[in-house]
Amino acid sequence: MTTKRSVSNILAGVVGGLVVLVIGAILISTNVIDTGDTKTVVRQVEPTQPTGDTTGSEGRSVRDIYAQEGRGVAFITSNGVTSDSNSPFGLPQQGTATGSGFAINKDGYIVTNAHVVEGADSVEVSFDETGGDSIPAEVKGVDTSADIAVLKVNPDDVKGGIKPIPLGDSSNLQVGDPVIAIGNPFGYTRTVTTGIVSGLQRKIQAPNGFTIGHVVQTDASINPGNSGGPLLDANGRVIGINSQIATGGGQGSVGIGFAIPINTAKKLFPDLKAGETIQRAYLGVQMQGVTKQLASDLNLAADHGALVVDVTPNSPADKAGLRGGKTQTSQGVVAGGDLIVAIDGKDMRNEDSVAAAIAAHRPGDKIDVEFYRGNAKKTVTVELTKRPANADSSSGGSGGGGGLLP
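Just so it is clear, the model here is predicted, and its values are computed rather than measured. (Residues numbered from 1 in each chain as written. Predicted model: local features only at pLDDT ≥ 70, side-chain atom pairs only at ≥ 80, totals over all residues. Heavy atoms only, no water.)

Draft legend 1. Molecular detail of the overall build of the chain. When helices and strands are counted, the chain shows seven helices and 25 strands. Out of the 406 residues belonging to the chain, those deemed buried represent 54%. Expressed as a percentage of contacts within the chain between residues at least 6 apart in sequence, the contacts between residues at least 24 apart total 63%. For the chain, the exposed area adds up to about 16800 Å²; of that, 45% sits on carbon and sulfur atoms. (Helix = DSSP H or I, 4+ residues; strand = E, 2+ residues; numbered from the N terminus. Buried < 20%, exposed > 50% of the residue type's maximum accessible area, 1.4 Å probe, protein only. Contact = heavy atoms within 4.5 Å. Areas by Shrake-Rupley, 256 points an atom, 1.4 Å probe, with all protein chains shown as cover.)

This is the structure:
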């Protein structure tokens, strides 16, 4: 396989994401795009005993989790991939990309990131510790808005059988909980690193330009090639799908990685396994969450809700008459727009509340949006439509939720 090439030959290029594009460059999957040469130092991870809350038990050793759950981690090779020049996930390149994934059952279903396999002519999967014995995989379903894909292999083709990894509950996570990442950074198959949950409720950009919310931040070292691999709790259960890193202006991991929570993926698995397209409702606004301090600074009519920063032309919000802001403040907020405070009679505390309310609906549903325009409280009925395939196609990239949510 092309990933057997000297690592030094493939590191010159662009770093910042978790997929290795095996053509002499590295495919980016983060909002930070860096260039330059990168020196990789491989360090052995000593087996340690996780500490902290492990949800009802003392947890297992890293050595044990690696030996057991590591067998369910897949080395994924995507042939003929082409990265979009308009995407923050990479430069316009074509070649073979490698990433990670993990088995979720013995029937041959594998989860990875959408950006690992999107646009590939063919996909191969290996559960071998050396990356050998690759078998063909079918891409059953892809959801670029969540950066999740489901693959299917013939379980009879997997030597020794498939070893699925149990799924956990990401809603139980707390900052400080120990976590373990297993993947294939820079082609180093089945590499394990450890860390903690560094933050919760983060936001990252999906391959289609919209925002992914409720993301888990970790300091476990993840690098290009880790994309789609599991982030595990101290009992070896998947609580996240490693997806992106922030590079801080440098190259490679600086201890800030992001994983899509497994609970987000669980909701999508049935449709993706069946090959169905995920339909999401769309409002067409860009929003800023409101705090008491911001409400005081801008003299808003309420100290909670979502301030409409921008409205996408011809979107449902635009057709209903919602307005965005016009004045850039010293705080960096675009002021003067409508302040959404309730949807269907339910109070909206911030932009995430609005995003969640939209996500609970389907295209074609009608919702009542309560908002303040100045000090006047108004209500409009909005008929939601299908979310565009890409944020760029929504004319201005406005979506909501701190940038590109609904």
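Draft legend 2. Layout of unusual backbone geometry. If you check the backbone angles, Gln201 has positive phi at about 60° while not being a glycine. With respect to the helices and strands, Gln201 occurs in strand E11 (residues 191-205).

Draft legend 3. Molecular detail of the packing of aromatic side chains. Per the stated rule, a full pass over the model turns up one aromatic pair. Relative to Tyr282, the ring of Phe210 has its centre 6.5 Å away and its plane inclined at 80°; by these criteria the two rings are edge-to-face. With a gap of 72 residues between them, Phe210 in the loop between E11 and strand E12 (211-218) and Tyr282 in strand E16 (residues 281-282) connect regions that are remote in the sequence. Between Lys273 and the ring centre of Tyr109, over which it is positioned, the NZ or CZ distance is 4.9 Å. For the cation-ring pair, Arg387 lies above Phe210, with the distance from its terminal atom to the ring centre recorded as 4.3 Å. (Phe/Tyr/Trp six-rings, centres within 6.5 Å; stacked < 30°, edge-to-face > 60°. Lys NZ or Arg CZ within 6 Å of the ring centre and 35° of its normal.)

Draft legend 4. Region of the structure containing helix H4 (residues 262-273). Compared with an ideal rise of 1.5 Å per residue, which puts 12 residues at 16 Å, H4 spans 15 Å between its outermost C-alpha atoms and is within 8% of the ideal. For H4, every residue scored as buried is listed here: Ile262, Ala265, Leu268, Phe269 and Leu272. Along the axis of H4, the buried positions cluster into a sector of 140°, meaning they face one direction only. Counted as exposed and oriented over 90 degrees from the buried face of H4: Lys267 and Pro270. (Expected span 1.5 Å × (residues − 1). Arc of directions from axis to C-beta.)

Draft legend 5. Inspection of the confidence of the model for the chain at higher detail. This prediction gives the chain a mean pLDDT of 81; 77% of its residues lie at or above 70. Below pLDDT 50 for its whole length, residues 85-92 participates in 23 contacts with residues either more than four positions away or in separate chains. Here residues 395-405 is a poorly scored stretch, pLDDT under 50, and it has 47 contacts once near neighbours within four places are set aside; other chains count. (pLDDT = per-residue confidence, 0-100.)

Draft legend 6. Seen up close, the layout of surface pockets. Its boundaries defined by the atoms lining it, the largest pocket holds a volume of some 1000 Å³. Lining the largest pocket are 34 residues; nearest its centre among them are His214, Thr264, Lys267, Arg280 and Ala359. Elements that contribute at least two residues to the lining of the largest pocket include exactly E11, E12, H4 and helix H7 (351-359). (1 Å grid on protein atoms, 1.4 Å probe; cavity = no way out; pocket = protein on both sides within 12 Å on 5 of 7 lines; lining within 4 Å. Points joined across faces, edges and corners; volume = space filled by probe spheres on them.)

Draft legend 7. Region of the structure containing the sheet that holds strand E15 (residues 257-261). In spatial order, the strands read E10-E11-E12-E15-E14-E13; together these six strands close into a barrel with antiparallel pairing. Within this sheet the neighbouring strands show an average axis-to-axis angle of 50°, counted without direction. Pairing analysis gives three bridges linking E12 to E15, with the strands arranged antiparallel. The residue bridging Val216 from the neighbouring strand is Ala259, located in E15. The strands that H4 touches are strand E14 (238-245) and E15; relative to E15, the one it contacts most, it runs at about 40°. (Pairing = 2+ DSSP bridges. Axes fitted to C-alpha atoms, helices over the stretch in contact; angles between N-to-C directions.)

Draft legend 8. Molecular detail of empty space enclosed by the protein. Scanning all chains against the criterion turns up two cavities of 30 Å³ or more. Estimated volume of the largest cavity: approximately 50 Å³. Surrounding the largest cavity, Val73, Ala74, Phe75, Ser126, Phe127, Asp128, Glu129, Asn184, Thr189 and Arg190 form its lining. Ranked by the residues each element gives to the lining of the largest cavity, the list is headed by strand E4 (residues 73-82), at three residues. Grouping the constituent residues of the lining of the largest cavity by class yields four nonpolar, three polar and three charged. (Nonpolar A, V, L, I, M, F, W, Y, C, P; charged D, E, K, R; others polar.)

Draft legend 9. How the structure looks around the pairing of E14. In terms of burial, E14 is a largely internal element, eight of the eight residues being buried. In terms of strand pairing, strand E13 (residues 230-232) meets E14 through three bridges, oriented antiparallel. Note on E14: the bridge partner recorded for Leu231 is Gly240. From the end of E13 to the start of E14, which pair antiparallel, there are five residues, and Gly236 there has a positive phi angle of about 80°. Of the strand pairs in this sheet, E14 and E15 are connected by five bridges, and their pairing is antiparallel. For Ile241, the partnering residue across the bridge sits in E15 and is Ile260.

Draft legend 10. Expanded view of the pairing of strand E10 (residues 178-183). Most of E10 sits out of view: six of its six residues are buried. Residues of E10 alternate between two faces, with Pro178, Ile180 and Ile182 on one and Val179, Ala181 and Gly183 on the opposite face, all of them buried. Across six bridges, the pairing between E10 and E11 is antiparallel. Bridge pairing in E11 links Ile180 to Thr194. Judged from the two bridges that link them, E10 and E13 form a sheet pairing that is antiparallel.

Draft legend 11. Representation of the pattern of salt bridges within the structure. For the structure shown, the criterion picks out 10 salt bridges. For Arg60, the salt bridge identified is with Glu69, shortest N-O distance 2.9 Å. Residue Glu69 is classed as buried on the basis of its relative accessible area of 10%. In this structure, Glu370 and Lys377 form a salt bridge, with 3.7 Å as the shortest nitrogen-oxygen distance. A network of salt bridges, in which partner residues are shared, links Arg60, Asp64 and Glu69. (Salt bridge = Lys/Arg side-chain N within 4 Å of Asp/Glu carboxyl O.)

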